[in-house]
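What follows is the residue order along each chain.
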Amino acid sequence: MTTNQQVELGLDTFGDVTVDETGARTTYPQVIRDVIGEAVLADEVGVDFFGVGEHHRDDFSISAPDVVLAAIAGQTKRIRLGTAVTVLSSDDAVRVYERFATLDAASSGRAEVILGRGSFTESFPLFGFDLDDYEMLFEEKLDLFAALRKEGPVTWSGKHRAPLVDKDVYPKTDSGQLTAWIGVGGSPESVVRSVRYNIPMMLAIIGGDPARFVPYVDLYKRAQEQLGPDVGLTAPMPLGAHSPGHIAETDDLALEQAWPHAKVMHDRIGAERGWPAMRRSQFLAEVTSGSQYVGSPETVARKIAKTVRTLGLNRFDFKYASGPMPHSQLMTSIELYGTQVIPRVRDLLASESIATQA
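Residues numbered from 1 in each chain as written. Predicted model: local features only at pLDDT ≥ 70, side-chain atom pairs only at ≥ 80, totals over all residues. Heavy atoms only, no water.

(A) Region of interest: the packing of aromatic side chains. Per the stated rule, a full pass over the model turns up nine aromatic pairs. Where Phe50 meets Tyr320, the ring centres are 6.1 Å apart and the plane angle is 40 degrees; that geometry is what we call tilted. Of this pair, Phe50 sits in strand 2 (residues 49–52) while Tyr320 sits in the loop between strand 12 (315–319) and helix 11 (327–357), and the two are 270 residues apart along the sequence. Neither Phe50 nor Tyr320 differs from the other in exposure class; each is buried. Ring geometry for Trp259 against Phe283: centres 5.6 Å apart, planes inclined by 45 degrees, an arrangement best described as tilted. Taken together, the positions of Trp259 in helix 8 (residues 251–273) and Phe283 in helix 9 (residues 280–289) put the pair 24 residues apart, joining distant regions of the chain. Comparing Trp259 with Phe283 shows no difference in burial state: the two are buried. Taken together, the ring pairs connect Phe14, Phe60 and Phe120 into an aromatic cluster. Sitting above the plane of the Tyr293 ring, Lys303 keeps its charged end 5.0 Å from the centroid. Taking the ring centre of Phe14 as reference, the NZ or CZ of Lys319 above it sits at 4.5 Å. (Phe/Tyr/Trp six-rings, centres within 6.5 Å; stacked < 30°, edge-to-face > 60°. Helix = DSSP H or I, 4+ residues; strand = E, 2+ residues; numbered from the N terminus. Buried < 20%, exposed > 50% of the residue type's maximum accessible area, 1.4 Å probe, protein only. Lys NZ or Arg CZ within 6 Å of the ring centre and 35° of its normal.)

(B) Molecular detail of the layout of surface pockets. Size it by volume and the largest pocket reaches roughly 1,200 Å³. Phe14, Ser119, Ala204, Ile206 and His242 are the residues nearest the centre of the largest pocket, which is lined by 47 residues in total. Looking at the lining of the largest pocket, the elements with two or more residues in it are strand 5 (112–116), strand 8 (179–184), strand 9 (201–204), strand 10 (239–247), helix 8 and helix 9. Sort the elements by how many residues they give to the lining of the largest pocket and helix 8 lands first, with five residues. If you trace the second largest pocket, you find 19 residues lining it, with Arg149, Gln177, Tyr197, Asn198 and Val231 closest to the centre. Broken down by element, the residue count for the lining of the second largest pocket peaks at three residues, all from helix 5 (residues 134–148). For the lining of the second largest pocket, the residue count by class is twelve nonpolar, four polar and three charged. (1 Å grid on protein atoms, 1.4 Å probe; cavity = no way out; pocket = protein on both sides within 12 Å on 5 of 7 lines; lining within 4 Å. Points joined across faces, edges and corners; volume = space filled by probe spheres on them. Nonpolar A, V, L, I, M, F, W, Y, C, P; charged D, E, K, R; others polar.)

(C) A look at the packing of helix 3 (residues 93–106) against helix 5. Contact pair helix 3 / helix 5: the axes reach a minimum separation of 9 Å and the direction vectors enclose 40 degrees. Taken together, the axes of helix 3 and helix 5 lie oblique to each other. Every pair of crossing elements has a handedness; the one defined by helix 3 and helix 5 is right-handed. Residues Ala93, Val94, Val96 and Tyr97 of helix 3 pack against Lys141, Leu144, Phe145 and Leu148 of helix 5. (Axes fitted to C-alpha atoms, helices over the stretch in contact; angles between N-to-C directions. Parallel < 35°, antiparallel > 145°, perpendicular 65-115°, else oblique. Left-handed = near helix turned anticlockwise from the far one by under 90°. Contact = heavy atoms within 4.5 Å.)

(D) Representation of empty space enclosed by the protein within the structure. The full count for this structure, using the stated rule, is three cavities of 30 Å³ or more. There is about 70 Å³ of room inside the largest cavity. Taken together, Gly245, His246, Ala258, His261, Ala262, Phe283, Gln292, Val294, Tyr320, Ala321, Ser322 and Met325 make up the full set of residues lining the largest cavity. Elements with a minimum of two residues in the lining of the largest cavity: strand 10 and helix 8. Residues belonging to the lining of the largest cavity are distributed by class as follows: seven nonpolar, five polar and no charged. Reported here for the second largest cavity is a volume of approximately 40 Å³.

Spelled out as structure tokens, the structure:
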């Protein structure tokens, strides 16, 4: 698969709690300030999108991404701003819509929201939701959010919140519709749901060969062909993907910097979920042929371009922060991504497009 459109190239962070160059843990407030600085740099070096995750646990600093994004909006000019992801299941769809419509106004139309169920479940007991309702909560709240995006009076009812009868929600956006995506981990039901609600799909590809997602991309296209007339599709829906990595001046330096922090993150989460400790050989396999985009600017650019071509992506978001990597190394990764990787990816895709047309 190839794409003839210019791909958008973004960055994502979960606000991982970092360490400084001596290995001392950074405070939560400082991590948040550092994330704002990272976004400002991303804007300066030409990155298209900056996404901030939502978590409610001690290894991540950001639990209120819309507030962090509002701070970023005031210090940036062109970069689009959104989440990675908003845990809609344990939030209120009306309040999510209001917050991001407000961010859209404050940023002059640069807001996006990526909706998901989240890969962690701490927010459910924190906000009084039952994990037995995991699937139903997301389905109901997504149904309401999709209705709110039309920006007209909404009549809606469900099991997990009070009904709405002919209610308007404010503020309205200048464009008439808030930009939204649905984060999809790889189930066919999630792919079809994205099309049914006419909200584009953002694939979370965090392990294995990205080509294994080709069947889901094919399903995404077939679902649009079959459901398009019923859901009001007038053009193909865009497709995005998100994957982790790290960029340094050389392949060896990138590996040396990324490996210990990736292992800390993997093993910390693995201890909760029953995974074995990560071996260096596993990490290297992901770097070589999987979904870790680690290396020099040229290495990372070639790997991103290959994934864009394979899946036909319209956007690729690079999760530049994984584990407690120091802020200074993250800043270097962002600078190299914007100044070297993004131009190189576009050159590689343009060259293939010209060769295909010749």
